[in-house]
Amino acid sequence: MTHQPDPILPGVLAIDAGNSKTDVALIGADGTVHGTARGGGFAPQKIGGAAAVAGLAPLVEQAAAEAGHPVWSGVLTSHVSACLANADLPVEEEALRAALESHPWGASNTVVNDTFGLLRAGTDGPRGVAVVCGAGINCVGLLPDGRTARFPALGELTGDWGGGGGLAVTSMWHAVRHEDGRGGPTGLSRAIAEHFGLPSAGAVAEAVHLGHLPTSRLHEIVRVLFAVAEQGDEVALGLIDRQADEIVRLAVVALRRLELLDTRTPLVLGGGVLASRQPLLLDNLTARLAEAAPLAEPRVVVAPPVLGAALLGLDHLGAGPETQARLREAYEAQRPVAV
């Protein structure tokens, strides 16, 4: 057996790589945050797993420099805990873990879908269900014996709808159809046009198509959607109702698969759409949960998602409650907020 050199900084390299941003944190074995870095989104499905992981290197180097190790030889830290978006299938998780092994970052490496990180951030142990509604939407569940509930989360191909991307595109769909006469009236048309300073929603679509407006800005439409819904617009309210229904459907299926419907169980909610704590959405899904899963205990996680990756890494190292508490205290708004 090849001897693995002692790490420069015993602890965890936590990675939370989402669709729109990536956070990296170097965490000491005692739960102290030594260095952090933030970068862009993580897209192995577009550029390949090895290239996506290699793209994390500048962030790891930035976090290491902040921790006082701008240059190091051998292994940086004890364990890499990576919670990665677009690692939707176990085979993808394993391929990304293998890609991590080619970098001198950790003596050991684990990779899970980023929704598992959300679940860990909102619970004290491996038991519960989490739904992330951020750029996309996904759900996982976990039991102490290791059993999981999860979904492929490959978009419309696997029956998924919603998240910021889905809400924005569907809002555009309704807005443009109102303008050209194919659909019914909605205030989304004018509100979207005004938000982008263009004469119509159709003009917004053309600007995106021609590259004059970055596709990444479409997520701004979610805020517009909620503002229009607050004015009583039926189309906007219908989209929020549909989103609440999707979130609850995912949660109920996961709870049922793990035989938790009849047990008080944490239901962790996170991602940008849910973390914004919009009453129209939260009140809707809470009412649905009261009927479909009355023993579920919904809570919104507003702490940085990298916290979950770090906690999973400390779990791997066998850290105790005091260490985990020290880490939680290092992050603002680290406690989940009951719905």
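What comes next is a walk through the structure. Note that the structure is a prediction, hence the values are computed from the model and not measured. (Residues numbered from 1 in each chain as written. Predicted model: local features only at pLDDT ≥ 70, side-chain atom pairs only at ≥ 80, totals over all residues. Heavy atoms only, no water.)

So, on to the overall build of the chain. Helix and strand content of the chain: 14 helices and eleven strands. A globule of 339 residues ought to have a C-alpha radius of gyration of about 20 Å, and the chain, at 21 Å, matches this closely. By principal-axis analysis of the C-alpha atoms, the chain measures approximately 70 × 50 × 35 Å. Taking all 339 residues of the chain together, the buried fraction comes to 49%. Considering only residue pairs separated by 6 or more positions, the chain has 69% of its internal contacts joining residues 24 or more positions apart. Here the chain displays about 15,300 Å² of accessible surface, and carbon together with sulfur accounts for 54% of that area. The centroid of the 24 positive side-chain charges in the chain is displaced by 3 Å from the centroid of its 36 negative side-chain charges. (Helix = DSSP H or I, 4+ residues; strand = E, 2+ residues; numbered from the N terminus. Rg over C-alpha atoms; globule rule 2.2 N^0.38 Å. Buried < 20%, exposed > 50% of the residue type's maximum accessible area, 1.4 Å probe, protein only. Contact = heavy atoms within 4.5 Å. Areas by Shrake-Rupley, 256 points an atom, 1.4 Å probe, with all protein chains shown as cover. Lys, Arg positive; Asp, Glu negative; His and termini not counted. Charge placed at Lys NZ, Arg CZ, Asp CG, Glu CD.)

With 55 residues, the main nonpolar core has I192, I247, L281 and L285 as its most contacted residues. Sorting elements by how many residues they give to this core places helix α10 (residues 234-257) first, with twelve residues. When near neighbours in sequence (up to four residues on either side) are disregarded, L285 contacts A244, I247, V248, L269 and L274. In terms of nonpolar packing, the next biggest core, distinct from the first, is built from 27 residues, I15, V53, L100 and V111 among them. (Core = buried A, V, L, I, M, F, W, Y, C linked by side-chain atoms within 4.5 Å.)

Below, the discussion takes up the pattern of salt bridges. Counting across every chain of the model gives 13 salt bridges. Linking D23 and K21 is a salt bridge whose minimum nitrogen-to-oxygen distance equals 3.7 Å. We classify K21 as partly exposed; its relative accessible area is 28%. Of the charged contacts, one joins R288 and D245 as a salt bridge, the two residues approaching to 3.1 Å between their closest N and O atoms. Note that R288 is positioned in helix α12 (residues 279-292) and D245 in helix α10, a separation of 43 residues in sequence. Three or more residues are tied together by salt bridges with common partners; here these are D241, D245, R249 and R288. (Salt bridge = Lys/Arg side-chain N within 4 Å of Asp/Glu carboxyl O.)

For the rest of this paragraph, the subject is the packing of helix α7 (residues 188-196) against helix α9 (residues 221-230). At their nearest, the axes of α7 and α9 sit 10 Å apart, and the two run at 135° to each other. On the basis of the axis angle, α7 is oblique to α9. Considering how the two elements wind past one another, α7 and α9 form a crossing that is right-handed. Residue-level inspection shows L188, A191, I192, H195 and F196 of α7 in contact with α9, the latter providing I221, R223, V224, L225 and V228. Of the residues contributing to the contact of α7 with α9, the split by class is eight nonpolar, one polar and one charged. (Axes fitted to C-alpha atoms, helices over the stretch in contact; angles between N-to-C directions. Parallel < 35°, antiparallel > 145°, perpendicular 65-115°, else oblique. Left-handed = near helix turned anticlockwise from the far one by under 90°. Nonpolar A, V, L, I, M, F, W, Y, C, P; charged D, E, K, R; others polar.)

Moving on, we get to the sheet that holds strand β4 (residues 77-84). What the five strands build is an open sheet, ordered β3-β2-β1-β4-β5; its pairing is mixed. In this open sheet, the two strands that pair with only one neighbour each are β3 (33-39) and β5 (106-113). On average, adjacent strands in this sheet sit at an angle of 15° to one another, irrespective of strand direction. On the sheet, helix α4 (residues 90-101) packs against β4 and β5 and is oriented at approximately 155° with respect to β5. (Pairing = 2+ DSSP bridges.)

The axes of two packed helices give the description: the angle between them and the distance between them. Relative orientation of the contacting elements helix α6 (residues 163-180) and α7 amounts to 110°, with a least axis distance of 8 Å. Judged on the interaxial angle alone, α7 and α6 are roughly perpendicular. Where α6 abuts α7, its residues S171, M172, A175, H178 and E179 lie against L188, S189 and I192. Grouping the constituent residues of the contact of α6 with α7 by class yields four nonpolar, three polar and one charged.

What follows covers the packing of aromatic side chains. Per the stated rule, a full pass over the model turns up zero aromatic pairs. One cation-aromatic arrangement involves R242 over W161; the distance from NZ or CZ to the ring centre is 3.9 Å. Of note, R257 hangs over the ring of F151, and the distance from its end group to the ring centre comes to 4.6 Å. (Phe/Tyr/Trp six-rings, centres within 6.5 Å; stacked < 30°, edge-to-face > 60°. Lys NZ or Arg CZ within 6 Å of the ring centre and 35° of its normal.)

Examined against the element boundaries, P304 turns out to sit in the loop between β10 (296-300) and α13 (306-317). A relative accessible area of 27% means that P304 is categorised as partly exposed. For the pair formed by P304 and V71, sequence separation is 233 residues and the distance between their alpha carbons is 27 Å.

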